[in-house]
Amino acid sequence: MDKMLSVVLPAYNEEQMIEKTAKVVGNLLSEEQIPYELVFVNDGSRDHTWEKILEVKEKDSHIKGVCFSRNFGKESAVFAGIEQAEGDCVAVMDCDLQHPPETLITMYRLWESGFQVVEGVKASRGKEGLIYKMFARTFYRIISDATGIDMSRASDFKLLDRQAVDEFLKMPERNIFFRALSSWVGFKTTYVEFHVREREAGASKWSFKSLFRYAVNNITSFSAAPMQIVTFCGVIFFLFALVLGVHSLYMYFAGHAVEGFTTVILLVLILGSILMFSLGVIGYYIAKIYDEVKMRPRYIISQVVKSSNKNKD
């Protein structure tokens, strides 16, 4: 018999999309005769997302629902969904259908052919502003340098074999970055291109502020690049100070020394700014260490409703 596919669908304020997503993805997999379960994870939504999940669960035995006690963030929702998934392979996709469901079939067939990780890469990013694109390009460049893997077109849309899933779940860190860690685990990997679709209902839950916080959190969780930036700034300022010092000594011994009040003020301001920036970066990493050593759970589940799918071997 075919092996079961678990599809993890993190959901935050997606009451308008739950029923449609369940229907579209479920019908598609049924037509392809792929045994499946859909794992919806309610990430502390403020609307009726959880009620909608329970509603579709009553109509479809393939649905599994996981409800958080509060909002813990998308990364925690992805991890919880993967942890609850029982399939022989696990796919993660957005609940808003911006990830084309048809690509799941391609991913599953590639997994059947022997690939253990099937990465969905963006052929196009959809409608994005210029500032957002520049911000995203910088973010992925830093992450790519940290991982040694080209993540310029990376996404959360991917499929993992059970062995890769088990290794992913063994990782003990509290602050996880699924998009990078799923690539970091290795295994036999292939890539599938897809075009990001427009949302069919609702609005994006990501503001520029939340995206910035998300980027900073994931960069510091997976890379020491900001610490290296501090070192780089220190080296640049040292060279600047060396040149300025040589120039000042030359002017002094040549008898052309000028009043240096403005220069001193500028140097104090520059040095103070670099020191404060450096302390801020170091402090952020110390805060990350503090979060890790506390060993608090990544999330708290208030309720789980199981699927009654019997298709699994």
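Structure shown above.
We now turn to the structure provided with this report.

What counts and how
- Residues numbered from 1 in each chain as written.
- Predicted model: local features only at pLDDT ≥ 70, side-chain atom pairs only at ≥ 80, totals over all residues.
- Heavy atoms only, no water.
- Helix = DSSP H or I, 4+ residues; strand = E, 2+ residues; numbered from the N terminus.
- Areas by Shrake-Rupley, 256 points an atom, 1.4 Å probe, with all protein chains shown as cover.
- Buried < 20%, exposed > 50% of the residue type's maximum accessible area, 1.4 Å probe, protein only.
- Polar contact = N/O pair within 3.5 Å; in protein donor to acceptor, adjacent residues only side chain to side chain.
- Contact = heavy atoms within 4.5 Å.
- Phe/Tyr/Trp six-rings, centres within 6.5 Å; stacked < 30°, edge-to-face > 60°.
- Lys NZ or Arg CZ within 6 Å of the ring centre and 35° of its normal.

### With respect to the overall build of the protein chain
Then comes step 1: For the protein chain, the count of helices and strands is ten helices and eight strands.
Then comes step 2: Of the accessible surface of the protein chain, which amounts to about 16700 Å², a share of 60% is contributed by carbon and sulfur atoms.

### So, the environment of Glu-86
Then comes step 1: Following the sequence through the fold, Glu-86 ends up in the loop between helix 3 (74–84) and strand 4 (89–92).
Then comes step 2: In this structure Glu-86 comes out as partly exposed when scored by relative accessible area, which is 40%.
Then comes step 3: For the pair formed by Glu-86 and Val-39, sequence separation is 47 residues and the distance between their alpha carbons is 9.6 Å.
Then comes step 4: A polar side-chain atom of Glu-86 sits 2.9 Å from a polar atom in the side chain of Lys-64.

### A closer look at the side chain of Thr-49
Then comes step 1: In this structure, Thr-49 sits in helix 2 (residues 49–59).
Then comes step 2: Within the structure, Thr-49 has its side chain in polar contact with the backbone nitrogen of Glu-14 (distance 2.9 Å).
Then comes step 3: Within the local environment of Thr-49, its side chain forms a polar contact with the side chain of Ser-45, the two groups lying 3.5 Å apart.
Then comes step 4: Once residues lying within four places of it in the same chain are set aside, the contact partners of Thr-49 are Ala-11, Asn-13, Glu-14, Glu-15, Ile-18 and Asn-42.

### With respect to the environment of Ala-85
Then comes step 1: For Ala-85, the position within the fold is in the loop between helix 3 and strand 4.
Then comes step 2: Considered as a pair, Ala-85 and Leu-5 are 80 residues apart in the sequence and their alpha carbons are 8.9 Å apart.
Then comes step 3: Among all residues touching Ala-85, those that are not within four sequence positions of it are Ser-6, Glu-37, Val-39, Val-90 and Arg-162.

### A look at the side chain of Asp-94
Then comes step 1: By the secondary structure assignment, Asp-94 is in the loop between strand 4 and helix 4 (102–112).
Then comes step 2: On the accessibility criterion, Asp-94 (16% relative accessible area) is buried.
Then comes step 3: For Asp-94, the residues in contact, after removing those within four places along its chain, are Leu-9, Lys-74 and His-99.

### Quick notes on helix 3
Then comes step 1: Counting buried residues along helix 3, nine of its eleven residues qualify, which places the element largely inside the surrounding structure.
Then comes step 2: Among the residues of helix 3, those classed as buried are Glu-75, Ser-76, Ala-77, Val-78, Phe-79, Ala-80, Gly-81, Ile-82 and Gln-84.

### Some words on the packing of aromatic side chains
Any pair of aromatic rings gets described here by the distance separating the centres and the angle formed by the planes.
Then comes step 1: Applying the stated rule across the entire model yields five aromatic pairs.
Then comes step 2: With a centroid separation of 5.1 Å and an interplanar angle of 10°, the aromatic rings of Phe-68 and Tyr-299 are classed as stacked. Pair noted here: Phe-68 is in strand 3 (residues 63–68) and Tyr-299 is in the loop between helix 10 (261–294) and strand 8 (301–305), with a separation of 231 residues, a long-range link. One exposure class covers both Phe-68 and Tyr-299, and it is buried.
Then comes step 3: Judged by centre distance (5.4 Å) and plane angle (45°), the ring pair of Tyr-108 and Trp-111 falls under tilted. Of this pair, Tyr-108 and Trp-111 are both found in helix 4, three residues apart, which corresponds to roughly one turn of the helix.
Then comes step 4: A residue is classified by how much of its surface remains accessible, and Tyr-108, at 0% relative accessible area, is buried.
Then comes step 5: The ring of Phe-72 carries the charged tip of Arg-70 above its face, separated from the ring centre by 3.9 Å.
Then comes step 6: For the cation-ring pair, Lys-188 lies above Phe-115, with the distance from its terminal atom to the ring centre recorded as 4.9 Å.

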